[in-house]
Amino acid sequence: MEESKKVYWKGIEQLANNPEFVKNAHHEFAQPGPEEDLGHSRRDFLKMMGFGVSAVALAACEAPIRKAIPYVNKPVDIDPSLPNYYASSYVNGGDYCSIVVKTREGRPIKIEGNALSNVTKGGVSAQVEASVLSLYDNARLRGPKVGKDKISWEDLDKQVIAKLNEISGKGGQIRIVSNTILSPSTKAAIEKFKATYASTQHIQYDQTSSYGIVKANEESFGAAVVPSYDFSKAKVIVSVAADFIGSWISPIEFTKQYALTREVTEDKRDMSRHYQFESILSITGANADYRTQIKPSEEGAVVIQLYNLLAGKAGRPTVSGGVEKANIAKAAEELWTNRGNALVVAGSNDKAIQVVVNAINDILGSYGTTIDLNTPVNFRQGDDVAMSNFVNELEAGKIGAVIFYNCNPVYDFPAGDKIAAALKNVELSVATSYKEDETGTLAKYMAPDHHFLEAWNDAEPKKNFFSLGQPTITPIFKSRAAQESLLVWSNEPKADYFEFVKNNWRTWFYKDQTFDFQSFWDKCLYDGVYELPATAAAAVTFAGNVGAAADAIASNYKAGAWELVIYESGNIGNGSQANNPLLQELPDPITKATWDHYVTVAPKDAKDIDFSESVTKYATITFNGKTVKLPMLVQPGQTPGTIGIPVGYGRTKAGKVADNIGQNVYPFVALVNGSLSYSATVTFTPTTETYQIAQTQTHNTYMGRETVVQETLLSEYKDKNWDRDFHPSVATWTDPEHKVAPGEISLWKGHEYNNHHWGMAIDLNTCTGCAACVVACNVENNVALVGREEVINRREMHWLRIDRYYSSDAPADDWRGIEVAAENPDVVFQPMLCQHCNNAPCETVCPVAATTHSTEGLNQMTYNRCIGTRYCANNCPYKVRRFNWFKYHDNRQFETANPAMNSDLGKMVLNPDVTVRSRGVMEKCSFCVQRIQAGKLTAKKERRPLKDGEVVTACAAACSTGAIVFGDINNPESKVSKLLKIRPMDEKHPHRIDKIADNPRAYQVLEEIGVKPNIWYLTKVRNKDAATA
Amino acid sequence: MQVTSSVRDPLVTGGKTVKDVSHDISRHVENKPPRSWWLALAVSLVVFAYGLYCVCTVLWHGIGVWGLNKTVGWAWDITNFVWWVGIGHAGTLISAILLLFRQKWRMSINRAAEAMTIFAVICAATFPLIHMGRLWLGFYWALPLPNAFGSLWANFNSPLLWDVFAISTYFTVSLVFWYIGLIPDFATIRDRAVVQGNQIRAAVYNALSFGWQGGAKTWMRYEAVALILAGLSTPLVLSVHTIVSMDFATSVIPGWHTTIFPPYFVAGAIFSGFAMVLTLLLITRVVFKLEDYITIYHIELMNIIIIVTGSIVGIAYITELFISWYSGVEYEGYAFYNRVQGPYAWAYWSMMTCNVISPQLFWIKKIRMSIVATFVLSIIVNIGMWFERFVIIVTSLHRDYIPSSWTMFHPTMYDIGEYVFTFGLFFTAFLLFAKFFPVINMAEVKSIVRSDSEKVGHSSHVEEEVHA
């Protein structure tokens, strides 16, 4: 069809097609209408409306409020995401530890031991590890208070100074009461105060006193001190009720020394022999080779018996008294043979007993070898008599003013109730504790000190061993250093405690230094410690009167029907940190109880009073008219006829966590013959009221399962030319007669880890069960705390636990009998954590592959992928996987138990490198993968291979005794490879998973099921004679 | 003349005609339900509501409201899951395997048994869902779906994933099989509704029957499909519980790690499935007056299957004990010692009594033929089978390798509540089925009345109806 040439036009303008028309042709109207005059088109309107609606809609959505406030100017030494480390000192009364504090973005989040200190040598304890959470305790005082009202520091100072002047003006007595003060600068500050107010006296007391030792040394050697002990030099250790690993004087230091004597290698084929005579089963007794059950009233007699046996050998006069007990004669024999390498210690606070102990050590030549009187320690300076006199004076109304310097005697001094009653009549009372405790609430003024992590301080734990404490965070609240308060009240013109400490150090130590003071100070601050050369231990002459001591013992101790021992538990300690949920949820190393107070009872006595382990019942204990009611806990190893109650419970003003758990048993401690006695004869009455104690472990024996726990005797071990007792083996199809180790056969060739292969060794011999590693793991990995109810439900979240097993008298094939622990059992502690199996049974069963294997041998958990079927946990032979049964963070239900995830203050302690897990996911030990990654990154940035020891897991770092060693087992030079004597099974493929540990003590738990763990345990060796085993 | 076999009891008694069959079965759909039905539904709904509250609590607060702990990660949840899956075995076994073996007695019970299967599998499926820590993600992460996370994929090594496939396949096939069987019967109800002038019912059942017209060719295809589905279902009867048993058998836990689990679980499943079918049918036949269709002969045959499977299960229990001793493996030995002698021995002996000893009573003909005894024993068997799963799951876990972790499991009201929930769900569904669906396969039963129970003197009438 032909194309039409016709053209139609709309109007004459189009036909003309003039430029004016062309310009407006695309507009709807030739002339702009009135609505378009506004300069907005319809499309603009739609655009703006669209924008407006979406903007309003977006604004209506709640924007997440992030409370992180960025730095306006970056501080010089803070790089976000990079940690800073500061050396400091943990000081809590007389408890001391030199530490390194890890901070992130200005917040302390982790404490580790300071290896530069020659006192604690890098060791820590559970309390030290946990103390970082006490910094963020919601129960802390926000600022100074008068009565219940807030007050400014200026007003407080004015009022306190006015009252102090008034009191001292009219000749009134002023007292400063404190626990042991380790800090020389604090003492100097107190001296300044004393100089201003002449009637001031400073009184020190300790929750667990060693006043008896001080008095005994005064009598024996003329030196009123507690000496240094060196367990590392002792081949034979005899301890009469001294819990030197758990709580006695300087447990961190002693644990380290003790472990050195317990190490057994092919090169060091000997270990110390440790005798323990005690009533309760202490952690020290649990580590002993020979343990004898005695009653507290027999402690003196046991010491006398030992003295008489040794005096007989040494030709010294014997004394009357003594009692025949198992192992005393044997101990005496061996002590005598090992003179100069022997140490006898006693936990008693009775001067008479300690005098006899001194005499024994004198016979053994311990002074100058295992005991150093020339380097006394300052951990226990409490004076029981002075403190008791103070209470009497207070009651008599003779005291005008009292300052409680960081102590809480209303709670933890036996006569606390008398102090509480008398305080009302005291004109001026000031408490400097950083928390509003039992004493603080009764004091007129509360002048809160910093937490130790916020404060400058120094310490002299031992003569000539000094250390510094430095703040690792700006004070969170309006607190002020207590020493500064004292200086202000002393009208010091320049009352800055930091300058005060620095000036003291300049005066005391900066004398013969070749470089300038600032460098010296910086060095001390960097190291955290300043140690003067040790003075040589000089010979001492024993001048004690053993006869008189023996007479005193004979007349003072009478056996009672029920004898009570008051002791410090391995978790709560003396109760000063009771409001720390990390410690409340930490199972006591022996009883495995958490969140609960109890009275320990011997199994035999429990039988007498018709009481079984499944149903716990209350008992009432009465002493001196005071009665407490506590649930009974059956404790194998406890001497029949004795009961034990830990202190540290029954707090009433500690905070939400600790209040109203258990009873305060400090009032059961009495002043007997000039020192506080931690045992007593009491009335003990079981009741029928039932109770359940929250324990993390309720099955106490290892059922004779040698693939779980392997132990041997030193003698047998030597006899068998360093081959351990038990080797699991399996028959093969091809050659049924020839059994092979289970690791040698596999369906698979085994994958290769071409870079690192992380592994761990755990020495059951040097693990004392102290549980510092458990707390370290909790803090490092943001492990949720779940509270008492959930522990009863057996849902504690600990990634690392310490299994504590008792031996049984029943034969291994008597499966019913072997469930029951022996009356006086051997004890073994086994740290149990994810074994990072190379053939991990958890990995195959996860339907969504949320748990997988890394190329470095780690069994990894991908929380984001986990859907929570719990199949992996069921299929874990080691039962180390932990499920988030509830949402443990931001959940009212767990506010009290888990403040680190439920309060803004508490959350500051969380490790930003580790995810806080949500409800419904599985979690477990990661071998501190964040540390591994950080270490690898550092090495990569510096273009060098990762060095051994650069990456240490939190548990290994916290282990005072070095029982946990972590490292790369692909690296033959690493510490762990050398310790285990690792070699590849197939030399041609050194990086394959299959590795053999040639250390004769090395074994893997449940080796025969073929999961090929990356953790080896070293067999527990007991230094017992075969005959008496 | 009534045709009677000299060697077999008639499958349908009471001289029922084909018309009687249509009438007897359709009238429950057409008539108002009896008061007992209303009562039962009310009770079921109350139970269901309470259970739903418990389920919601678990979903809101977390699995922590159950009594599980760090050592026992599965208890009532997976016990109930396996128990329900087991019960779900009878339906398909009856309709598929018995169809292949031409067991005509299955015809009057297969409909209800299949319905039971489907509801039981639904109940079973709730447990793996609810027991997940993060159901909101898990319900689809466990499926191999393409996703935007690169190579992230389900773990095909995991028996739990096999479970997902096994259960969903079984459910799908069972549902299709059941529904196809229902189509001619829906058409019957529709036709009757047309005659009765109930247009709504006619329309609904017409839709349900997919417009079934009953032509010869349709019937031919229908039977072909039934046979194919029966063939497909047969391996499923064996595979589902085999795979469920692998959840345990492939693990390393003593008491779980057992190679005899697949046949042992399948036998147990059929055992419990038949017991459940009996429990339900004994009630249904009374409530809906179906004694002529579900006769004592049916009951006896089913009791015989219970003896057989119960005995297989018993042998499996004894084999486990023997092997645990014979293997010389300390952990294996202890796991079984602990079952027999440990703190959960009461559960073990409940299981032994209910599953091994009680079914042996069926050797006695009088008991086998007694309605009351059968009813009681069918419930006992199901209690026993619940304990079997509880014993396997909980007593193996609560004391496994490392004694420090040994602990007990104590159920909470929510553990129990979840179980109650499935009962509510199951019975509500079953009651609705009994009211709205023909509980007996009319089409199939008609094929056996023809040979078995023609009424004397009405033969011509019957002939007419059949030819119509």
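Residues numbered from 1 in each chain as written. Chains lettered and ligands numbered in written order. Predicted model: local features only at pLDDT ≥ 70, side-chain atom pairs only at ≥ 80, totals over all residues.

Looking now at the overall build of chain A. When helices and strands are counted, chain A shows 30 helices and 44 strands. Taking 2.2 N^0.38 as the reference for a compact globule, 1029 residues should give roughly 31 Å; the C-alpha atoms of chain A span a radius of gyration of 34 Å, in line with that estimate. Looking at chain A as a whole, 57% of its 1029 residues are labelled buried. Intrachain contacts of chain A at a sequence separation of at least 6 include 72% that bridge at least 24 residues. (Helix = DSSP H or I, 4+ residues; strand = E, 2+ residues; numbered from the N terminus. Rg over C-alpha atoms; globule rule 2.2 N^0.38 Å. Buried ≥ 20, exposed ≤ 12 C-beta atoms within 10 Å, placed from the backbone. Contact = placed C-beta atoms within 7 Å.)

Turning next to the overall build of chain B. A count of helices and strands for chain B gives 18 helices and zero strands. A compact globule built from 468 residues should have a C-alpha radius of gyration of about 23 Å, and chain B, at 24 Å, falls within 12% of that. Counting only C-alpha atoms, chain B reaches 80 × 55 × 40 Å along its principal axes. Within chain B, the proportion of its 468 residues that are buried is 51%.

All names here are of chain B. At their nearest, the axes of helix α9 (residues 216-249) and helix α10 (residues 261-287) sit 8 Å apart, and the two run at 125° to each other. The orientation of α9 relative to α10 falls into the category oblique. The handedness of the crossing between α9 and α10 comes out as right-handed. Within the contact between the two elements, α9 uses Leu238, His241, Thr242, Val244, Ser245, Phe248 and Ala249 and α10 uses Phe261, Pro262, Phe265, Val266 and Ala269. (Axes fitted to C-alpha atoms, helices over the stretch in contact; angles between N-to-C directions. Parallel < 35°, antiparallel > 145°, perpendicular 65-115°, else oblique. Left-handed = near helix turned anticlockwise from the far one by under 90°.)

A separate point is the interface of chain B and chain A. Listed by partner, the interface residues are 38 residues for chain B and 43 residues for chain A. Of all the elements in the fold, those that place two or more residues in the side of chain B that touches chain A are α6 (135-141), α7 (159-196) and α12 (330-341) of chain B.

What follows is about the confidence of the model for chain B. All names here are of chain B. Overall, the predicted model of chain B reaches an average pLDDT of 89, with 94% of residues at or above 70. Taken as a whole, residues 452-468 scores under 50 in pLDDT and shows 23 contacts with residues more than four places along the chain or in a different chain. As scored by the predictor, the complex reaches a pTM of 0.90 and an ipTM of 0.92. (pLDDT = per-residue confidence, 0-100.)

All names here are of chain A. Judged by pairing direction, the sheet is mixed, and its four strands sit side by side in the order β39-β32-β43-β42 without closing on themselves. Edge positions in the sheet fall to β39 (964-968) and β42 (1002-1003), since each of these pairs with one other strand and no more. The pairing of strand β32 (residues 758-763) with β39 spans five bridges and is classified as antiparallel. Looking at the pairing, Gly759 lines up with Gly967 of β39. (Pairing = 2+ DSSP bridges.)

Residue and element names in this part refer to chain A. Parsing chain A into structural domains produces domain 1 (12-60), domain 2 (227-377), domain 3 (560-691) and domain 4 (711-1022). For domain 3 versus domain 4, the distance between C-alpha centres works out to 33 Å. Between domain 3 and domain 4, the contact holds 17 residues from the first and 23 residues from the second. Taken together, the elements giving at least two residues each to the side of domain 3 that touches domain 4 come down to α20 (581-584) and α21 (603-608). A per-class count over the side of domain 3 that touches domain 4 returns nine nonpolar, three polar and five charged. (Domains from an automatic or database assignment. Nonpolar A, V, L, I, M, F, W, Y, C, P; charged D, E, K, R; others polar.)

Glycine aside, a negative phi is what most residues show, and trans is what most peptide bonds show. Residue and element names in this part refer to chain A. In this structure, Asn406 is a non-glycine residue whose phi angle is positive, near 45°. For Asn406, the location among the structural elements is in the loop between β14 (399-405) and α14 (409-412). A positive phi angle, close to 55°, is found at Ala849, a residue other than glycine. Its location among the elements puts Ala849 in the loop between α25 (841-845) and β35 (851-853).

Residue and element names in this part refer to chain B. Mapped onto the secondary structure, Ser324 falls in helix α11 (residues 296-326). Residue class for Ser324 comes out buried when judged on the 22 C-beta atoms lying within 10 Å of it. Note: C-alpha distance between Ser324 and Ile367 (43 residues apart in sequence) is 35 Å. Here Ser324 is in contact with Glu332, Gly333, Ala335 and Phe336, once residues within four sequence places are set aside.

Time to look at the packing of helix α3 (residues 76-87) of chain B against α9 of chain B. All names here are of chain B. Put simply, α3 and α9 touch, their axes get as near as 10 Å, and they point 165° apart. By the criterion of interaxial angle, the relationship of α3 to α9 is roughly antiparallel. Between α3 and α9 the crossing geometry is left-handed. In this structure, α3 uses Val82, Val85 and Gly86 to contact α9, whose residues at the interface are Val240, His241 and Val244. Across the contact of α3 with α9, the residue classes tally to four nonpolar, two polar and no charged.

Right, let's get into the pairing of β32 of chain A. Residues and elements named next belong to chain A. When you tally the buried positions in β32, you get six out of six residues, the bulk of the element. Alternating residues of β32 divide into Trp758, Met760 and Ile762 and Gly759, Ala761 and Asp763, and every residue in both groups is buried. By the bridge criterion, four bridges tie β32 to strand β43 (residues 1015-1018) in an arrangement that is parallel. Bridge pairing in β43 links Ile762 to Tyr1017.

Of all hydrophobic cores here, the largest spans 438 residues; its most connected members are Leu306, Val356, Leu564 and Cys773 of chain A together with Met116 and Val277 of chain B. Looking at which element gives the most residues to this core, the answer is α10 of chain B, with 15 residues. Those residues in contact with Val277 of chain B that lie beyond four places of it in its chain are Ala90, Ile109, Ala113, Met116 and Met302 of chain B. (Core = buried A, V, L, I, M, F, W, Y, C linked by C-beta atoms within 7 Å.)

All names here are of chain A. Among the 10 residues in strand β2 (residues 95-104), eight count as buried, and that is most of the element. Here nine bridges tie strand β1 (residues 84-92) to β2, and the two strands are oriented antiparallel to one another. Bridged to Asn92 within β2 is Asp95. Hairpin connection from β1 to β2: two residues lie between these consecutive antiparallel strands, with Gly93 at a positive phi of about 65°. Strand direction decides the pairing type here: β2 and strand β3 (residues 107-113), joined by six bridges, are antiparallel. Within the sheet, the bridge partner assigned to Lys102 lies in β3 and is Lys110.

What follows is about helix α6 (residues 184-196) of chain A. Residues and elements named next belong to chain A. Here α6 is 13 residues long and its end C-alpha atoms lie 19 Å apart, about the 18 Å a rise of 1.5 Å per residue gives. Within the span of α6, buried status applies to Ser185, Thr186, Ala188, Ala189, Ile190 and Phe193. Residues of α6 that are buried in the fold lie against β6 (173-178), β7 (200-204), β17 (457-462), α16 (482-489) and α17 (497-508). (Expected span 1.5 Å × (residues − 1).)

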